[in-house]
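What the coordinates show
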Amino acid sequence: MLFNTSNISTDIISNDFLKQKNVQLSVLRLDKIHPIISGNKLFKLHYFLEEAIKSGLPGILTFGGAYSNHLVATAYACKIAGIKSIGFVRSEKGAALSPTLISCINYGMQLHFLSRAAYNKKDDEYLNSLSDKEKQYLVVPEGGYHPKGCAGAALIAGYIDETTTHIFTALGTATTLAGIITGAKKNQKVIGIPVLKGMTDITDRITYLTDSNHPLELLEGYHFGGYAKKTNQLISFMNQLYLQYRLPTDFVYTAKMMFAVLDCAEKGFFAPGSKITCLHTGGLQGNQSLAADTLIF
Ligand SMILES: *Cc1c(COP(=O)(O)O)cnc(C)c1O
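Below is a summary of the structure that appears in this document. Computed from a predicted model, the values in this text were never measured in an experiment.

**Brief notes about the site of the ligand**
In the region of the ligand, 15 residues are neighbours, and Lys41, Lys44, Thr173, Thr176 and Thr281 sit closest. One of the side-chain nitrogen or oxygen atoms of Asn40 is found 3.0 Å away from an oxygen atom of the ligand. In the environment of the ligand, an oxygen atom lies 3.4 Å from a nitrogen or oxygen atom belonging to the backbone of Thr175. Against a free-state accessible area of 390 Å², the protein chains account for coverage of 98% of the ligand. Among the elements of the structure, helix 2 (40-54) and helix 8 (175-183) are those that each provide at least two residues to the shell around the ligand. It is helix 2 that contributes the most residues to the shell around the ligand, 3 residues altogether. Looking at the shell around the ligand residue by residue, the classes come out as 3 nonpolar, 9 polar and 3 charged.

**So, the sheet that holds strand 3 (residues 59-65)**
Two pairing modes exist for strands in a sheet, parallel and antiparallel, and in both the strands are linked by backbone hydrogen bonds. Judged by pairing direction, the sheet is parallel, and its 4 strands sit side by side in the order 5-4-3-6 without closing on themselves. At either end of the open sheet lies a strand with only one pairing partner, and these are strand 5 (110-114) and strand 6 (138-140). The average angle at which neighbouring strand axes cross in this sheet is 20 degrees, direction not considered. In this sheet, strand 6 lies alongside strand 3 in parallel orientation, the contact comprising 3 bridges.

**Observations concerning the pairing of strand 3**
Counting buried residues in strand 3 gives 7 out of 7 residues, a clear majority hidden from the surface. Both faces of strand 3 are covered, namely the face carrying Gly59, Leu61, Phe63 and Gly65 and the face carrying Ile60, Thr62 and Gly64. As defined by bridge partners, strand 3 adjoins strand 4 (residues 84-90) across 7 bridges and the pair is classed as parallel. Among the inter-strand pairings, Gly59 is bridged to a residue of strand 4, identified as Lys84. Note on the crossover from strand 3 through helix 3 (residues 69-81) to strand 4: the handedness is right-handed.

**Quick word on the packing of helix 7 (residues 147-154) against helix 8**
Helix-helix packing: each pair is described by the crossing angle between the helix axes and the interaxial distance. Between helix 7 and helix 8, whose axes approach to 7 Å, the crossing angle comes to 55 degrees. In terms of axis orientation, helix 7 runs oblique to helix 8. Crossing angle aside, the handedness with which helix 7 passes helix 8 is right-handed. For the pair formed by helix 7 and helix 8, the contact residues are Gly149, Cys150, Ala153 and Ala154 on the first element and Thr175, Thr176, Ala178, Gly179, Ile180, Thr182 and Gly183 on the second.

**Some points on the packing of helix 10 (residues 232-245) against helix 11 (residues 254-266)**
Packing of helix 10 against helix 11 brings their axes to within 10 Å, and their N-to-C directions diverge by 80 degrees. When the axes of helix 10 and helix 11 are compared, the pair comes out roughly perpendicular. Contact residues: Gln233, Leu234, Phe237, Met238 and Leu241 in helix 10; Ala255, Lys256, Met258, Phe259 and Leu262 in helix 11. Here the contact of helix 10 with helix 11 is built from residues that sort into 8 nonpolar, 1 polar and 1 charged.

**Focus: the packing of aromatic side chains**
In this description, a pair of aromatic rings is defined by centroid distance and the angle of the planes. Inspection of the entire model under this criterion finds 13 aromatic pairs. Taking 5.1 Å as the distance between ring centres and 70 degrees as the angle between the ring planes, the aromatic pair formed by Phe237 and Phe259 counts as edge-to-face. Here Phe237, found in helix 10, pairs with Phe259, found in helix 11; they are 22 residues apart in sequence, far enough to count as distant. With respect to class, Phe237 is no different from Phe259; both count as buried.

**Brief notes about the pattern of salt bridges**
Applying the stated criterion across every chain, the model contains 9 salt bridges. Here Glu142 ties to Arg90 by a salt bridge, and the two come within 3.4 Å at their closest N and O atoms. In this pair, Glu142 sits in the loop between strand 6 and helix 7 while Arg90 sits in strand 4, placing the two residues 52 residues apart along the sequence. When its relative accessible area of 26% is taken as the criterion, Glu142 is described as partly exposed. The class of Arg90 is partly exposed, set by a relative accessible area of 24%. Among the ionic pairs, Asp263 bridges to Lys267, the shortest N-O distance being 2.8 Å. For Asp263, a relative accessible area of 16% gives the class buried. Given a relative accessible area of 62%, Lys267 falls into the exposed group.

Definitions and limits used
Residues numbered from 1 in each chain as written. Predicted model: local features only at pLDDT ≥ 70, side-chain atom pairs only at ≥ 80, totals over all residues. Heavy atoms only, no water. Near = heavy atom within 4 Å. Polar contact = N/O pair within 3.5 Å; in protein donor to acceptor, adjacent residues only side chain to side chain. Areas by Shrake-Rupley, 256 points an atom, 1.4 Å probe, with all protein chains shown as cover. Helix = DSSP H or I, 4+ residues; strand = E, 2+ residues; numbered from the N terminus. Nonpolar A, V, L, I, M, F, W, Y, C, P; charged D, E, K, R; others polar. Pairing = 2+ DSSP bridges. Axes fitted to C-alpha atoms, helices over the stretch in contact; angles between N-to-C directions. Buried < 20%, exposed > 50% of the residue type's maximum accessible area, 1.4 Å probe, protein only. Right-handed = clockwise from strand over helix to strand, strands pointing away. Parallel < 35°, antiparallel > 145°, perpendicular 65-115°, else oblique. Left-handed = near helix turned anticlockwise from the far one by under 90°. Contact = heavy atoms within 4.5 Å. Phe/Tyr/Trp six-rings, centres within 6.5 Å; stacked < 30°, edge-to-face > 60°. Salt bridge = Lys/Arg side-chain N within 4 Å of Asp/Glu carboxyl O.

Have a look at this one:
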């Protein structure tokens, strides 16, 4: 691993209700690895970085939106690895640079801006516009959505307490979820919380990413309106989580996942004796897109 992962901790979330139900809830704090390259992104990049370094490639080329955790993680990881990085950004012309993109630039990433229409053609036309040198860069699909990203995410399973009965994770591209089912123990239930509304291709995605046929469960209905959408209820929940447990979450992924797990607990989803591990997949830098007084952390 390019980064030290010894900061990762397993934090117990305890309250009277969970105690009374005899349900143990913990959070695997992958967000603690590093403030920029945190959570699942380092893991998803692991084998790509290894390949770029071992093969002596000049850099990594990838894609993302203006607040993309993946983009900034890639920029930072490449800087640390001593290789170059190029980011294709989906953004309308003239839009102000987001804090995420400013960080990407500060880490040496060369950004190319694409309109939505051009972005959707990224695989062909835009790669053709690259110089010969740039064509040698290792291409990482958006969000690390690739079997190699999945293999990297599978390493997360090694940090999960062996006595865990249920693993919860938020899903965007489903790469992390695919990695977890690849690495999970036979008897562990793996539960994914889609943060996009109406994802219908999750099974196909999993099939593309992994050979594992470990069962998984998806809990729809916790997207709060769709990708990167939020409600006042979600924001107060995040502040409450921080007040009560000192747990910072991001509004795009981890807050929705934590909301889901606590809601499930309340609805009696878990048998007494269950030990749940929620993956804190990081992403805190994305909260910078919120107005300054939104969150108390
Ligand atoms: C990217 C991201 C996810 C989603 O991971 P996928 O592998 O794309 O499903 C979850 N949580 C956070 C914080 C992320 O940044």
